[in-house]
Amino acid sequence: MVKVTQKITPFLWFEKGAEDAAEYYVSVFKNSKIKKIQKYPEAAEEVSGQKAGSVMSVDLELDGVNFQFLNGGKIPNFDLTSSAISFVVTCDTQEEIDYFWAKLSAVPQREQCGWCVDKFGVTWQIVPNVLNILLSDQDQQKVERVTACFLQMKKFDIAKLKKAYEGK
């Protein structure tokens, strides 16, 4: 038995493909791994509608954060298409932003202000760490310029944010 050490664990319900999603995310984020794959037992076949022996859940770790994915089948109102829930990836460099954007953005029409949607329908925010610093400045004009700048962006551009901050 493994003791849970993380107080809150993100849990994603997939109709199918939880293992594929886990493998993909583990390939995207460094310091990540699949920790456990649990299969559906025969006793759950009738209730779940899933075949015994098929993947039921995947426990994984993405860059130090535990997640659990479930192959729960198709149930009305249980989908990952809503942007109401997203995962924020804080980046220190433009290279990091570009990397995660290239890996996670799969729906160009849903890109705005650092938000993107991946091929599984999960919404991500790829955000430069410097943005919080720029937006916390006491000079309201600087904050206004940075805000006006990022509202025009899909993928964040750190150089442009800094130029807006400096009034250039």
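Scroll up for the structure.
Residues numbered from 1 in each chain as written. Predicted model: local features only at pLDDT ≥ 70, side-chain atom pairs only at ≥ 80, totals over all residues. Heavy atoms only, no water.

**What to know about the sheet that holds strand β1 (residues 11-14)**
Spatially, four strands are ordered β1-β4-β3-β2 in an open sheet, and the strand pairing comes out mixed. Only two strands of the sheet have a single partner each, and these edge strands are β1 and β2 (33-39). Here the average twist between neighbouring strands, direction ignored, is 20°. Each of β1, β2, β3 (55-62) and β4 (65-71) touches helix α1 (residues 18-28); the most contacted strand, β3, lies at about 15° to it. (Pairing = 2+ DSSP bridges. Helix = DSSP H or I, 4+ residues; strand = E, 2+ residues; numbered from the N terminus. Axes fitted to C-alpha atoms, helices over the stretch in contact; angles between N-to-C directions. Contact = heavy atoms within 4.5 Å.)

**Some remarks on unusual backbone geometry**
Look at D63: it is not a glycine, yet its phi comes out positive at around 50°. Here D63 is to be found in the loop between β3 and β4. For D63, a relative accessible area of 46% gives the class partly exposed. Here C113, not a glycine, exhibits a phi torsion of approximately 50°, which is positive. Structurally, C113 can be placed in the loop between α3 (94-104) and β6 (115-117). Judged by relative accessible area, which is 16%, C113 ranks as buried. (Buried < 20%, exposed > 50% of the residue type's maximum accessible area, 1.4 Å probe, protein only.)

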